[in-house]
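# Secondary and tertiary structure notes
Residues per chain are reported as follows:
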Amino acid sequence: MVTGRRALGWAAGLLAVYGAVRLVPGSRGVGPGWTIGHVALFAGMVLMGLGMVELWRLGGAGGVWGRIWLGAGLAGVLSGLAQSGIDLYANAVSRDYAARSELFDRVQSVPGVLPVVYTVVPMML
């Protein structure tokens, strides 16, 4: 089991796996490359959240500013988890790139999803 102290190291490694997979030709289409990369991204985000909580605990787990920064960090992690979860689902149910793009368009057209999951929150937090 990955403890809080090791979570950030594992998170960094898994996010590097995601980035490396994205460089492989064909990994952006529907198929195993997309799935492998996004599973690594999802797991990395989970571990990043655990690592943030551990850093907060090591910092004394008190004070208003610590709670504010932890909340902001966890909001960013939740946004990343939502995005990678949507990406995994869309890849699993789509027969080709066009169908996946159409599903993404439908999901992103839901009010609030684009800024919370894809643009503002993940970029700012």
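Residues numbered from 1 in each chain as written. Predicted model: local features only at pLDDT ≥ 70, side-chain atom pairs only at ≥ 80, totals over all residues. Heavy atoms only, no water.

### Focus: the overall build of the chain
- When its secondary structure is counted, the chain shows six helices and zero strands.
- In the chain, the succession of α and β elements from N to C terminus is α-α-α-α-α-α.
- Its C-alpha atoms give the chain principal-axis dimensions of roughly 50 × 35 × 20 Å.
- In the chain, of all internal contacts separated by at least 6 residues, the share reaching a separation of at least 24 is 64%.
- Of the accessible surface of the chain, which amounts to about 7,500 Å², a share of 71% is contributed by carbon and sulfur atoms. (Helix = DSSP H or I, 4+ residues; strand = E, 2+ residues; numbered from the N terminus. Contact = heavy atoms within 4.5 Å. Areas by Shrake-Rupley, 256 points an atom, 1.4 Å probe, with all protein chains shown as cover.)

### Some remarks on the pattern of salt bridges
- Applying the stated criterion across every chain yields a total of two salt bridges.
- Salt-bridge contacts for R57 lead to E54; the nearest nitrogen and oxygen are separated by 3.9 Å. Taken together, the positions of R57 and E54, both in helix α2 (residues 32-58) and three residues apart, correspond to about one turn of that helix.
- The exposure class of R57 is exposed, given its relative accessible area of 53%. (Salt bridge = Lys/Arg side-chain N within 4 Å of Asp/Glu carboxyl O. Buried < 20%, exposed > 50% of the residue type's maximum accessible area, 1.4 Å probe, protein only.)

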